[in-house]
Amino acid sequence: MPIATPEVYNEMLDRAKAGKFAYPAINVTSSQTLNAALRGFAEAESDGIVQISTGGAEFLGGQYSKDMVTGAVALAEFAHVVAEKYPVNVALHTDHCPKDKLDAYVRPLIAISRKRVEAGLTPLFQSHMWDGSAETLADNLAIAQELLEQARAAHIILEVEITPTGGEEDGVSHEINDSLYTTVEDAIRTAEALGLGEKGRYLLAASFGNVHGVYKPGNVVLRPELLKELADGVAAKFGKASPFDFVFHGGSGSTEQEIATALENGVVKMNLDTDTQYAFTRPVADHMFKNYDGVLKVDGEVGSKKTYDPRTWGKLAEAGMAARVVEATQNLRSAGNRIK
């Protein structure tokens, strides 16, 4: 199947919300990690989302120029070709983009999709994230209003983060403290500024103690039940049940119960990066240690081409990451739920 059309992407999100499951959103930084994500979705018979952060896009652009738009466009175009061979629907998304990178990343990408749509094509990406969590809520929502209008015109869904996620990702960092919990007032102000669908569809990354990076279960106090409080507070004011499509950030290390509670309370997308990075790298490390004298030319020897050939260890990396994606679809209940 091809990369999801705007209509299919909306159907994916509607199905997830109605069925109380969520799609893993897998960060990718290369054609290898993209194929690993697609393979995992296909093996699990799950539709899904792959996403590129600003740092990932810079890496994809090559270390000579480090151009984020070039990197993101190149992998997106590649994805539009290779995804045809996988029996699942996959949406392309850009992850965390702070204010100082909007003009070098999200705005140019939206403009590219706008031109594609005007030419009768589908947008290059299906959604983009604006991370205004470092700004005041007023400034955050003002920029979100502008971006939502542009995204709607390009048939794109916008993701907004209205309050901080702890830890650090691609240079955006927040302390782990009480500010990591969105309030009902924050949610109401968001609905007032962005509407509840009539101004364009958006995904909402609300904070319930989320932290990016590596942590063990129990080291971070997640309160996924807070999402119900936010939804109920907005529903009471605006008269619309289940008003938000929630996103779960900082999901690495979360317990199965925390994930299940988040799904019951409206999460339709959950980001995975740290866990899949490790799942990709771990088999490579194992291969290198086991084949030390083959991947290196030790003591004047010539090594073994078959062991240092990137295809040899690259296939192991792809399989390891794909297996972690399958696990994610099972935890998020999207396995077996692909649109046929």
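Rules and cut-offs
- Residues numbered from 1 in each chain as written.
- Predicted model: local features only at pLDDT ≥ 70, side-chain atom pairs only at ≥ 80, totals over all residues.
- Heavy atoms only, no water.
- Pairing = 2+ DSSP bridges.
- Helix = DSSP H or I, 4+ residues; strand = E, 2+ residues; numbered from the N terminus.
- Axes fitted to C-alpha atoms, helices over the stretch in contact; angles between N-to-C directions.
- Contact = heavy atoms within 4.5 Å.
- pLDDT = per-residue confidence, 0-100.
- Buried < 20%, exposed > 50% of the residue type's maximum accessible area, 1.4 Å probe, protein only.
- Right-handed = clockwise from strand over helix to strand, strands pointing away.
- 1 Å grid on protein atoms, 1.4 Å probe; cavity = no way out; pocket = protein on both sides within 12 Å on 5 of 7 lines; lining within 4 Å.
- Points joined across faces, edges and corners; volume = space filled by probe spheres on them.
- Nonpolar A, V, L, I, M, F, W, Y, C, P; charged D, E, K, R; others polar.
- Phe/Tyr/Trp six-rings, centres within 6.5 Å; stacked < 30°, edge-to-face > 60°.
- Lys NZ or Arg CZ within 6 Å of the ring centre and 35° of its normal.
- Left-handed = near helix turned anticlockwise from the far one by under 90°.
- Salt bridge = Lys/Arg side-chain N within 4 Å of Asp/Glu carboxyl O.

Peer 1: It is not clear to me how the sheet that holds strand E10 (residues 267–272) should be interpreted in this structure. Could you clarify?
Peer 2: Across a sheet, strands are paired by hydrogen bonds formed along the backbone, either parallel or antiparallel in direction. Read around the closed barrel, eight strands run E1-E2-E3-E4-E5-E8-E9-E10, paired in parallel fashion. Looking at each pair of strands side by side, their axes are set apart by 25 degrees on average, direction ignored. Across three bridges, the pairing between strand E1 (residues 23–27) and strand E2 (residues 48–52) is parallel. Of the residues in E2, the one forming a bridge with Ala25 is Ile49. Sitting on the sheet, helix H6 (residues 137–153) is in contact with strand E4 (127–131), strand E5 (157–161) and strand E8 (202–205), with an inclination near 170 degrees to E5.

Peer 1: I keep staring at the confidence of the model for the protein and nothing clicks. Help me out?
Peer 2: Segments scoring low in pLDDT should not have their predicted coordinates read at a detailed level. When pLDDT is averaged along the protein, the result is 93; 92% of the residues meet or exceed 70. Predicted confidence is poor over residues 173–177, with pLDDT under 50, and the contacts of this stretch with residues over four places away or in other chains come to twelve contacts.

Peer 1: Just checking my understanding: could you explain the pairing of E2 for this structure?
Peer 2: Two faces make up the sheet, and in a regular strand the side chains alternate between them. With respect to burial, E2 is a largely interior element, five of its five residues being buried. Of the two faces of E2, the one carrying Gly48, Val50 and Ile52 and the one carrying Ile49 and Gln51 are both buried. Taken together, E1, helix H2 (residues 31–44) and E2 form a β-α-β motif whose crossover is right-handed.

Peer 1: Even after reading the chapter, I still don't get the layout of surface pockets, so can you show me in this structure?
Peer 2: A water-sized probe rolled over the atoms picks out the places where empty space is left. In this structure, the second largest pocket encloses a volume near 230 Å³. Per element, the largest residue contribution to the lining of the second largest pocket is three residues, and it comes from helix H8 (residues 226–238). Here the lining of the second largest pocket is built from residues that sort into eight nonpolar, three polar and five charged.

Peer 1: Can you help me understand the packing of aromatic side chains in this one?
Peer 2: Geometry of an aromatic ring pair is reported as the spacing of the ring centres plus the angle between the planes. Counted under the stated rule, the structure contains four aromatic pairs. Consider the rings of Phe21 and Tyr23, whose centres lie 5.5 Å apart with planes at 85 degrees: the pair is edge-to-face. The two residues Phe21 and Tyr23 agree in class, both being buried. Both rings, one in Tyr202 and one in Phe244, keep their centres 6.5 Å apart while their planes meet at 55 degrees; by these two values the pair is tilted. One end of the pair, Tyr202, is in strand E8; the other, Phe244, is in the loop between H8 and strand E9 (245–248), with 42 residues separating them in the sequence. Since its relative accessible area comes to 6%, Tyr202 is described here as buried. Owing to a relative accessible area of 3%, Phe244 belongs among the buried residues under this scheme. An aromatic cluster of at least three residues, connected via ring pairs, comprises Tyr202, Phe244 and Phe246. Sitting over the ring of Phe238, Lys237 keeps its end group 6.0 Å from the ring centre.

Peer 1: What exactly am I supposed to notice about the packing of helix H10 (residues 274–290) against helix H13 (residues 310–331) here?
Peer 2: Helix-helix packing is characterised by the crossing angle of the two axes and by the distance between the axes. Following both chains from N to C, one finds H10 and H13 inclined at 145 degrees, their axes separated by 8 Å at the closest point. H13 is crossed by H10, and the crossing has right-handed handedness. Two secondary-structure elements touch here, H10 through Asp275, Thr276, Ala279, Phe280, Pro283, Val284, His287 and Met288 and H13 through Thr312, Trp313, Leu316, Ala317, Glu318, Gly320, Met321, Arg324 and Val325. Looking at the contact of H10 with H13, its residues break down into ten nonpolar, four polar and three charged.

Peer 1: Got a minute to help me understand the pattern of salt bridges in this structure?
Peer 2: Pairs can form between side chains of opposite charge once their charged atoms are near each other. Counting across every chain of the model gives 18 salt bridges. Measuring nitrogen to oxygen at the nearest pair gives 3.8 Å for the salt bridge that ties Arg223 to Glu225. Under the relative-accessibility criterion, Arg223 is labelled partly exposed at 29%. Owing to a relative accessible area of 38%, Glu225 belongs among the partly exposed residues under this scheme. Where Lys228 meets Asp232, a salt bridge forms, and the shortest distance between an N and an O atom there is 2.7 Å. You can see Lys228 and its partner Asp232 sitting in helix H8, four residues apart, about one turn around the helix. Residue classification places Lys228 among the partly exposed positions, given a relative accessible area of 44%. Each of the salt bridges in this network shares a partner with another, and the network as a whole consists of Asp14, Lys17, Arg201 and Asp245.

Peer 1: How should I be thinking about the environment of Tyr308 in this particular structure?
Peer 2: Position of Tyr308 relative to the elements: it lies in helix H12 (residues 305–308). Put simply, Tyr308 and Asn291 are 17 residues apart on the chain and 8.7 Å apart in space, counted from C-alpha to C-alpha. Ignoring sequence-local partners within four residues, the contact set of Tyr308 consists of Gly294, Val295, Val302, Gly303 and Trp313.

Peer 1: Help me out: how do you make sense of the pairing of E4 in this one?
Peer 2: The buried count for E4 comes to five of five residues, which makes it a mostly enclosed element. Here E4 shows no split at all, with Ser127, Met129 and Asp131 on one side and His128 and Trp130 on the other all buried. Alignment of strand E3 (residues 90–94) against E4, held across two bridges, turns out to be parallel. Considered in E4, the bridge of Thr94 is made with His128. Crossover connection from E3 via helix H5 (residues 106–118) to parallel E4: handedness right-handed. As paired elements, E4 and E5 share five bridges and run parallel to each other. Within E5, the position partnered with Ser127 by the bridge is Ile157. A crossover links E4 with its parallel partner E5, the connecting element being H6, and its sense is right-handed.

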